[in-house]
Amino acid sequence: MSTATIELRGVTKTYRLGDVQVEALKGVDLSIATGEFLAVMGPSGSGKSTLMNIFGCLDRPTTGSYRLDGEEIGTLSRDGRAVIRRNKLGFVFQGFNLLPRLSAQENVELPMIYDSTPTSVRREKALAALSSVGLGDRAHHLPSQLSGGQQQRVAIARAIVNTPSLLLADEPTGNLDSATSDEIMGIFQRLNDELGITLVLVTHEPDISRFARRVIRFRDGNLVEDLPVVDRRTPPASAGAPA
């Protein structure tokens, strides 16, 4: 049986807005096994963004336990959480967040600059990550020379270049057309199926959630549904494959 990458026990998150307290999460229990592909759904204000902020060590629970790879994260300091983000997490967002004056390769190298990885190693790892998402021949292109789907591939390469324990994708297809969205989801499936990367995806789109293996739904801060995907979607064979 797979070990758990994520364990939440009794996690709550309360925000204070003036004199009003808002309960964003209300006692969430959740386990995500190593190598799992989980989709998180729910309406705006349901708690899913708060959950992702906790997963991503951008925030911490008000009460309860959050363990990542067996390590208690919820009580770490801000600096401690920053170390976890750098060493164990990869992020992909709806906006590609690429630096416009840097090439694809240079954008992918960015996470390695902060841990003093030698230049030659950075270049080698960045090119390998770009090749893994089918962009080995676009390494020296600027973001403005790439399509939206290609820019998101660069963002995915940047997210996986340091071999994270957990890849978090927040509405990664939100700015893409349907065909390109399917290609991007094909990449995520391949990273999960072939490389065993644990992946958590937030999406509003039911069709996109069906690329995952398991879907959970939030409402009013509560986890209200947790089901396997029985009619899993897969893109055309060529989608998401390395070029």
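The coordinates are above.
Here's a quick rundown of the structure.

Calculation rules
- Residues numbered from 1 in each chain as written.
- Predicted model: local features only at pLDDT ≥ 70, side-chain atom pairs only at ≥ 80, totals over all residues.
- Heavy atoms only, no water.
- Helix = DSSP H or I, 4+ residues; strand = E, 2+ residues; numbered from the N terminus.
- Rg over C-alpha atoms; globule rule 2.2 N^0.38 Å.
- Buried < 20%, exposed > 50% of the residue type's maximum accessible area, 1.4 Å probe, protein only.
- Contact = heavy atoms within 4.5 Å.
- Areas by Shrake-Rupley, 256 points an atom, 1.4 Å probe, with all protein chains shown as cover.
- Lys, Arg positive; Asp, Glu negative; His and termini not counted.
- Charge placed at Lys NZ, Arg CZ, Asp CG, Glu CD.
- Pairing = 2+ DSSP bridges.
- Axes fitted to C-alpha atoms, helices over the stretch in contact; angles between N-to-C directions.
- Parallel < 35°, antiparallel > 145°, perpendicular 65-115°, else oblique.
- Left-handed = near helix turned anticlockwise from the far one by under 90°.

### Digging into the overall build of the protein chain
Phase 1 of the analysis: Within the protein chain, the secondary structure is distributed over seven helices and ten strands.
Phase 2 of the analysis: For 243 residues, the compact-globule estimate of 2.2 N^0.38 gives 18 Å, and the C-alpha radius of gyration of the protein chain, at 18 Å, lies within 12% of that figure.
Phase 3 of the analysis: Dimensions of the protein chain along its principal axes, counting C-alpha atoms only, are 50 × 40 × 40 Å.
Phase 4 of the analysis: Scored against the burial criterion, the 243 residues of the protein chain give a buried share of 48%.
Phase 5 of the analysis: Residue pairs at least 24 apart in sequence account for 69% of intrachain contacts in the protein chain once pairs closer than 6 positions are excluded.
Phase 6 of the analysis: Accessible area of the protein chain: about 11,400 Å², with a carbon and sulfur share of 49%.
Phase 7 of the analysis: Averaging the locations of the 27 positively and 28 negatively charged side chains of the protein chain gives two centres separated by 4 Å.

### Here we look at the sheet that holds strand β4 (residues 63-68)
Phase 1 of the analysis: Spatially, four strands are ordered β2-β1-β4-β5 in an open sheet, and the strand pairing comes out antiparallel. Unpaired on one side and paired on the other, β2 (20-33) and β5 (71-72) mark the two borders of the sheet.
Phase 2 of the analysis: Note that strand β1 (residues 4-17) and β4 share five bridges and pair antiparallel. Considered in β4, the bridge of I6 is made with L68.
Phase 3 of the analysis: This element, helix α1 (residues 48-55), spans β1, β2 and β4 of the sheet and lies at about 120° to β1.

### Structural notes on the sheet that holds strand β10 (residues 222-228)
Phase 1 of the analysis: Spatial ordering of the open sheet is given by β6-β7-β8-β3-β9-β10, a layout of six strands whose pairing is mixed. The outermost strands of the open sheet, each flanked by one partner alone, are β6 (89-93) and β10. This sheet shows a mean twist of 20° between the axes of neighbouring strands, independent of strand direction.
Phase 2 of the analysis: As judged from the six bridges shared by strand β9 (residues 214-219) and β10, these two strands associate in the antiparallel manner. Residue pairing in the sheet places R214 in a bridge with P228 of β10.
Phase 3 of the analysis: Most of the contacts of helix α2 (residues 78-88) go to β6, to which it runs at about 80°, and overall it touches β6 and β7 (166-170).
Phase 4 of the analysis: Packed on one face of the sheet, helix α6 (residues 178-195) meets β3 (37-41), β6, β7 and β8 (198-202) and runs near 135° to β3.

### A short note on the packing of helix α3 (residues 104-113) against helix α4 (residues 119-132)
Phase 1 of the analysis: Running from amino to carboxyl end, α3 crosses α4 at an angle of 120°, the nearest separation of the two axes being 9 Å. Classified by the angle their axes make, α3 and α4 are oblique. Here α3 runs over α4; the crossing is right-handed. Together, A104, Q105, V108, E109, M112 and I113 of α3 and R122, R123, K125, A126, L127, A129 and L130 of α4 make up the contact between the two elements.

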